[in-house]
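Observations on chain architecture
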Amino acid sequence: MPAPQPTPTMFSPVNILIWLVLLALGIFLGFWIRKQQEIKSGKTIEDAEQKALQIENDAHKRAESKAKEMLLEAKEEIMRVRNEAEKENKERRSDLQKQERRLQQKEENIDKKTDALEKKEEALNQKHAALDKENEEIKIIKRSQTEMLERISGFTAEDAKRYLIEQVESEVTHETALKIKELEQRARDEADTRAREIIATAIQRCAADHAAEITVSVVPLPNDEMKGRIIGREGRNIRTIETMTGVDLIIDDTPEAITVSCFEPVRREVARIALEKLIADGRIHPTHIEEMVAKARREVDAVIKSEGERAVLETGVRGVNPELVKMLGRLHYRTSYGQNVLQHSIEVSQLSGMIAAELGADVTAAKRAGLLHDIGKSVDHEMEGTHVSLGVEFMRKYHEKDEIIHAVHAHHNDVEPTTVLDFIVQAADAISAGRPGARRENLENYIKRLEQLEEITGSFPGVEKSYAIQAGREVRVMIKPEVVSEDEMIILAHDIAKRIEDEMEYPGQIKVNVIREVKAVEYAK
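Residues numbered from 1 in each chain as written. Predicted model: local features only at pLDDT ≥ 70, side-chain atom pairs only at ≥ 80, totals over all residues. Heavy atoms only, no water.

Once that is clear, we can look at the environment of V266. Residue placement: V266 occurs in helix α5 (residues 265–281). Along the backbone, V266 and R297 are 31 residues apart, and their C-alpha atoms lie at a distance of 8.9 Å. Leave out the neighbours within four places in its chain, and V266 touches V300, I304, R330 and Y333. (Helix = DSSP H or I, 4+ residues; strand = E, 2+ residues; numbered from the N terminus. Contact = heavy atoms within 4.5 Å.)

Looking now at helix α7 (residues 322–330). Helical periodicity: at 3.6 residues per turn, an α-helix aligns residues three or four positions apart in one direction. Looking at α7, one finds that the buried residues are L324, V325, M327, L328, G329 and R330. Near the N-terminus of α7, the side chain that reaches the backbone nitrogen of E323, with its oxygen 2.9 Å away, is that of N321. (Buried < 20%, exposed > 50% of the residue type's maximum accessible area, 1.4 Å probe, protein only. Polar contact = N/O pair within 3.5 Å; in protein donor to acceptor, adjacent residues only side chain to side chain.)

Contact pair helix α9 (residues 363–372) / helix α11 (residues 402–410): the axes reach a minimum separation of 9 Å and the direction vectors enclose 45°. If you check the angle between α9 and α11, you find them oblique. Here the hand of the crossing between α9 and α11 comes out right-handed. Residue-level contacts link A365, R368, A369 and L372 of α9 to E403, I404, A407 and V408 of α11. Split by residue class, the contact of α9 with α11 holds six nonpolar, no polar and two charged. (Axes fitted to C-alpha atoms, helices over the stretch in contact; angles between N-to-C directions. Parallel < 35°, antiparallel > 145°, perpendicular 65-115°, else oblique. Left-handed = near helix turned anticlockwise from the far one by under 90°. Nonpolar A, V, L, I, M, F, W, Y, C, P; charged D, E, K, R; others polar.)

A cluster of basic residues, K98, R101, R102 and K106, forms a positive patch at the surface. Mapped onto the fold, K98 is located in helix α1 (residues 13–153). (Patch = residues over 30% accessible without salt bridge, like charges linked within 9 Å, V, L, I, M, F, W, Y side chains within 5 Å. Areas by Shrake-Rupley, 256 points an atom, 1.4 Å probe, with all protein chains shown as cover. Salt bridge = Lys/Arg side-chain N within 4 Å of Asp/Glu carboxyl O. Lys, Arg positive; Asp, Glu negative; His and termini not counted. Charge placed at Lys NZ, Arg CZ, Asp CG, Glu CD.)

Let us now look at empty space enclosed by the protein. Per the stated rule, a full pass over the model turns up one cavity of 30 Å³ or more. As a volume, the largest cavity reaches approximately 30 Å³. (1 Å grid on protein atoms, 1.4 Å probe; cavity = no way out; pocket = protein on both sides within 12 Å on 5 of 7 lines; lining within 4 Å. Points joined across faces, edges and corners; volume = space filled by probe spheres on them.)

With that settled, the discussion passes to the pattern of salt bridges. Opposite charge on two side chains allows them to pair when their charged atoms are near. The full count for this structure, using the stated rule, is 15 salt bridges. With a shortest N-O distance of 2.7 Å, E88 and R92 are connected by a salt bridge. Remark: R92 and E88 occur in helix α1; sequence separation between them is four residues, near one turn of the helix. Exposure remark for E88: the relative accessible area of 38% places this residue in the partly exposed category.

The next thing to look at is the layout of surface pockets. In this model, the second largest pocket occupies a volume close to 320 Å³. Lining the second largest pocket are 17 residues, with V266, D301, I304, K326 and R330 sitting closest to its centre. Sorting the residues of the lining of the second largest pocket by element identifies α5, α6 (286–315) and α7 as the ones contributing at least two each. Looking at which element gives the most residues to the lining of the second largest pocket, the answer is α6, with five residues. Looking at the lining of the second largest pocket residue by residue, the class counts come to eight nonpolar, one polar and eight charged.

Tracing the sequence through the fold places K227 in helix α3 (residues 225–231). Residue contacts for K227: discarding those within four places in its chain leaves L221, I251, D252, D253, T254, P255, E256 and A257.

So this is what it looks like as structure tokens:
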């Protein structure tokens, strides 16, 4: 759309005049409005200056008032502090005066005491001087009396002292021997009757048959031809059996029999059962031998478990660890001097319980300690150490009570017995092992024990001869009467018995009989 074109009327003088008037009017209005704003802003600034001046005057007045108040408060505080300080100074001066008076009194008392001490010291010095003088006089008198006594008696002071010491030693030895004899007699009188009653009652209630057991097994054969089959071609069958079981097979001229020898009883029993199965089956070759040995081992394990459970049930001991029960079962195949160790342990448990009941001790603990006292013998052929130390080690491993472990540890005096339970187990063990027929001993060990007994007793000074009699249950000691007196003889018997206890192992007890004989021989002519 085209832009409008200006018309001639738009630039007429009237229109121009109107535009000029309007422009002048706009300029005047703008100037007037600006002037009014300047007037108004001038009044506002003046009012603000007046207000600021008034605020400043008010602030000066308040500050002066506040300063006066603070000055008054400060003066009052100063007066209060000054009064308190004066009061405190008065109190301190009063305390100081009191302390000065006390110190003065103490000094006066100290002076008095010092004077008294000086006087006492002077008196003591005089007494010391008098005592020194008297001591010198006493020494002179004593020396003269000693010289006079030596001239009269013919003994010097050293000779007289030696003589008195010898007399005192002789009297002390005599009194010691009498006292030992008196105490031993009193202990015997008080304990023998009661001990006999307790032990007799326990043995009577626990009477058991004993049959000595051997340490080798004999397997019977249907005929001597079976020996060759067991040996096998070039000895392969017998080597397989010995390797699998760990035993020695003794095949000699004994008719229709093979001897199985092994120090470890469980392996010997496995070999015996395996041989019996092989002989009954008739098929003897390495593969079949391995099968029969495995079956025999399972049977023996079952018997071990059964025997352990039987022992625990028979003695009434509860809460025994299953591993210890298995170890008890292994004792079924273990012997000691021909005595079955499991049966011995059961008997010791029962005897311990009966003795504990008579003495008023803990029956349960006594039976438990008696049952477990030889448990180390189940592994003493396989592990290093005594059966006591091995048993203590396994019982600690399976968390047995300390009192039970100590009783087991002390039953052969490996440690000092200290509790009633220790002595009960020792007594029960001695009763079970020491009764006639319970144990047997081979000739070599028997002779060695007798020789050791005579050697120990003959090593004491003053012993002339010693003889072991009653199968080693008694030793008779002949002493020289000119060397050992009657009083010393009692002490010698006590020392010999103590040394035998410390150095030897033996079942039961050994009686030490010391004999002192004085002979006088003369001929009438």
